[in-house]
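Working through the structure, step by step
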Amino acid sequence: MSIGTKRGRGRLLHIGYAGDAGAGTRAASTAHYKKMYDRASALARIGVWECDLATEALTWTDGVYDLFELPRGAPVGRDAALDLYEEESRREMEALRAHAISEGSSFSLDVRVRTAKGNERWIRLTADVERENGRSVRLFGTKQDVTAERAAQDKVQALQAEIIHMSRRSAMGAMAATLGHELNQPLAAISNYVAGTRRALAKPALDTGMLESGLAAIEQSAVRASKIIRSLRDMTSGGAVRRQQLNPNPLIHEAASLAMLGIDEPIVSRFDLAEDINVAVDPIQIQQVLINLIKNAYEAVRASARREVIVSTYVAEGEARIRVDDSGPGIAPEMRDTLFESFVSSKPDGMGVGLSISRTIVEAHGGSLSAANRKAGGASFCVALPLAEDA
Ligand code: ADP
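This text gives an overview of the structure that appears in the document. (Residues numbered from 1 in each chain as written. Predicted model: local features only at pLDDT ≥ 70, side-chain atom pairs only at ≥ 80, totals over all residues. Heavy atoms only, no water.)

Some words on the pattern of salt bridges
- Per the counting criterion, the structure on display carries 25 salt bridges.
- Between Asp-145 and Arg-45 there is a salt bridge, with its nearest N and O atoms 2.8 Å apart. Taken together, the positions of Asp-145 in strand S6 (residues 135-145) and Arg-45 in the loop between helix H1 (25-44) and strand S2 (46-52) put the pair 100 residues apart, joining distant regions of the chain.
- By relative accessible area, Asp-145 is classed as buried at 13%.
- Here Arg-45 falls in the partly exposed class, since its relative accessible area comes to 42%.
- The residue Glu-299 makes a salt bridge to Lys-347 at a minimum N-O spacing of 2.7 Å. Taken together, the positions of Glu-299 in helix H8 (residues 283-301) and Lys-347 in the loop between strand S11 (319-326) and helix H9 (354-364) put the pair 48 residues apart, joining distant regions of the chain.
- Using a relative accessible area of 28% as the deciding quantity, one classes Glu-299 as partly exposed.
- Within the structure, one salt-bridge network assembled from shared partners comprises Arg-45, Glu-69, Arg-121 and Asp-145. (Salt bridge = Lys/Arg side-chain N within 4 Å of Asp/Glu carboxyl O. Helix = DSSP H or I, 4+ residues; strand = E, 2+ residues; numbered from the N terminus. Buried < 20%, exposed > 50% of the residue type's maximum accessible area, 1.4 Å probe, protein only.)

Okay, structure coming up:
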């Protein structure tokens, strides 16, 4: 084995190996190690370097020359080598190097370089200090081409940024859809009551009582619309949820009559409600959930011979349960896995957001919303909420 020994301040030394012809086992094993080293360093795109701190002479293995696309063995001074570093990388490296020399410590850094042939590369630099009599005398370490790794990282970062951007956009889309969906119901109610009031006005004998109640219902729906907006705003801005301790029965009755608006078929609604259950909820939000579930049930039974919707409340496993059962066709098998996802609907004019909003609301109350098909036929949706004393 021979080693090039061209030394001098700021000059580069090249280790050139040559097989030692006629040498014994030691030389043979050295040649073997050298072959192993060359193969491994080419495979890992890594080279070894050393810098004598007294003379600033550099010693590079072939791997380092290859990284910088310089002819192997060519003399290169430290300044010339540093010229290949991108400005910021060079500053960072010099700072770490100075610190390592004064402290006798090691460092590692990814630096950006432009090779002698003008190609951009990322090089992972590791360095350690060799000390003699308490003084740092030599720096040594590795240089590895990590361009592909950095490109992959950049790609992942770009994709992550894209995902964040997309999810923000889809959150905004979902928010708009939610608002549209929730407001649809009071607005439909307002237009129904306006039509009724108009009919009352057209009659020859003016029924002021009817007009009065029509106007009161319009006012109620308008207030409801503004409450929906406020409650949704609170929910999205993380504002305090307006929770009240209450028995849910009045909410359920009101939700059933609001859900009925716009549905003309006669539907039997049965209520089996416990009187002594209390929950701590935002009434507007929970009523919205109930309207969604009961409206879905009404729509499901529309085409059935037996049109029945049963709403029941009870306590099970220490929770308040509100269940909406219907006698419709049940949840279609293809809908089962995606039922609670946004924008999934089997209805020609469905938005497919009702159940996803409902689940979000119930979960924000510390509860859960589940769905199943009934043995007797039809679907069953169950809202489970903590009892008021546990909430
Ligand atoms: P939409 O009613 O706009 O479709 P939802 O999120 O409320 O949106 O419901 C999603 C889907 O879940 C419905 O399209 C329907 O396929 C199914 N679904 C909901 N409620 C019932 C029910 N009571 N019976 C059968 N399927 C139901």
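Structure's up, so let's keep going.
Concerning the packing of aromatic side chains
- Evaluated as defined, the whole model comprises three aromatic pairs.
- Centre to centre, the rings of Trp-60 and Tyr-65 are 5.2 Å apart; their planes meet at 70°, and the pair counts as edge-to-face. As far as the burial class goes, Trp-60 and Tyr-65 line up, both buried.
- Ring-pair connections join several aromatic residues into one group, and the members of that group are Trp-60, Tyr-65, Phe-68 and Tyr-85.
- Residue placement shows Lys-143 over the ring face of Trp-49; its charged tip is 4.4 Å from the ring centre. (Phe/Tyr/Trp six-rings, centres within 6.5 Å; stacked < 30°, edge-to-face > 60°. Lys NZ or Arg CZ within 6 Å of the ring centre and 35° of its normal.)

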